[in-house]
Amino acid sequence: MVLRHSLRLDRAAKQPAAEGFAVTDDLLARISPLQLDRVNFSGRYAFFRPAEAGLRPLREP
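Residues numbered from 1 in each chain as written. Predicted model: local features only at pLDDT ≥ 70, side-chain atom pairs only at ≥ 80, totals over all residues. Heavy atoms only, no water.

1. Here's the deal with the overall build of the chain
(1) Moving on: Within the chain one finds two helices and zero strands.
(2) Moving on: A burial count over the chain gives 8% of its 61 residues as buried.
(3) Moving on: When contacts within the chain are restricted to residue pairs at least 6 apart in sequence, those whose partners lie at least 24 apart make up 64%.
(4) Moving on: Surface summary for the chain: the accessible area is close to 5,700 Å², and the carbon and sulfur share equals 56%. (Helix = DSSP H or I, 4+ residues; strand = E, 2+ residues; numbered from the N terminus. Buried < 20%, exposed > 50% of the residue type's maximum accessible area, 1.4 Å probe, protein only. Contact = heavy atoms within 4.5 Å. Areas by Shrake-Rupley, 256 points an atom, 1.4 Å probe, with all protein chains shown as cover.)

2. Here we look at helix 1 (residues 2–18)
(1) Moving on: Compared with an ideal rise of 1.5 Å per residue, which puts 17 residues at 24 Å, helix 1 spans 24 Å between its outermost C-alpha atoms and is within 8% of the ideal.
(2) Moving on: On its buried side, helix 1 packs onto helix 2 (25–28).
(3) Moving on: Immediately beyond the C-terminal end of helix 1, within one or two residues, lies Gly20, with a positive phi of roughly 100 degrees. (Expected span 1.5 Å × (residues − 1).)

3. Focus: the environment of Leu7
(1) Moving on: Turning to its location among the elements, Leu7 is positioned in helix 1.
(2) Moving on: Its relative accessible area of 44% is what places Leu7 among the partly exposed residues.
(3) Moving on: Each C-alpha atom of the pair Leu7 and Leu55 lies 9.1 Å from the other, and the pair is 48 residues apart in sequence.

4. What about the environment of Arg59?
(1) Moving on: Inspection of the secondary structure assignment puts Arg59 in the segment after helix 2.
(2) Moving on: For the pair Arg59 and Ala12, spaced 47 residues apart in the sequence, the C-alpha separation amounts to 9.4 Å.

5. A look at a nonpolar patch on the surface
(1) Moving on: The grouping of Leu3, Leu7 and Leu55 at the surface amounts to a nonpolar patch, some 290 Å² of accessible area in total.
(2) Moving on: Structurally, Leu3 can be placed in helix 1. (Patch = residues over 30% accessible without salt bridge, like charges linked within 9 Å, V, L, I, M, F, W, Y side chains within 5 Å. Salt bridge = Lys/Arg side-chain N within 4 Å of Asp/Glu carboxyl O.)

Below you can see the structure in the form of structure tokens.
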């Protein structure tokens, strides 16, 4: 779960940089895949295989 969130955060950080926004190391140091509400440290997860391979597109803010 944390790896998947890490990959999505990486994509989310690279997109603004590609659009010309200055993504600094200070900004990147403030994000963590462990801060997301979906990370459940004491429960169970149910995973389902998506219909299509690969990651879904990022949502617009």
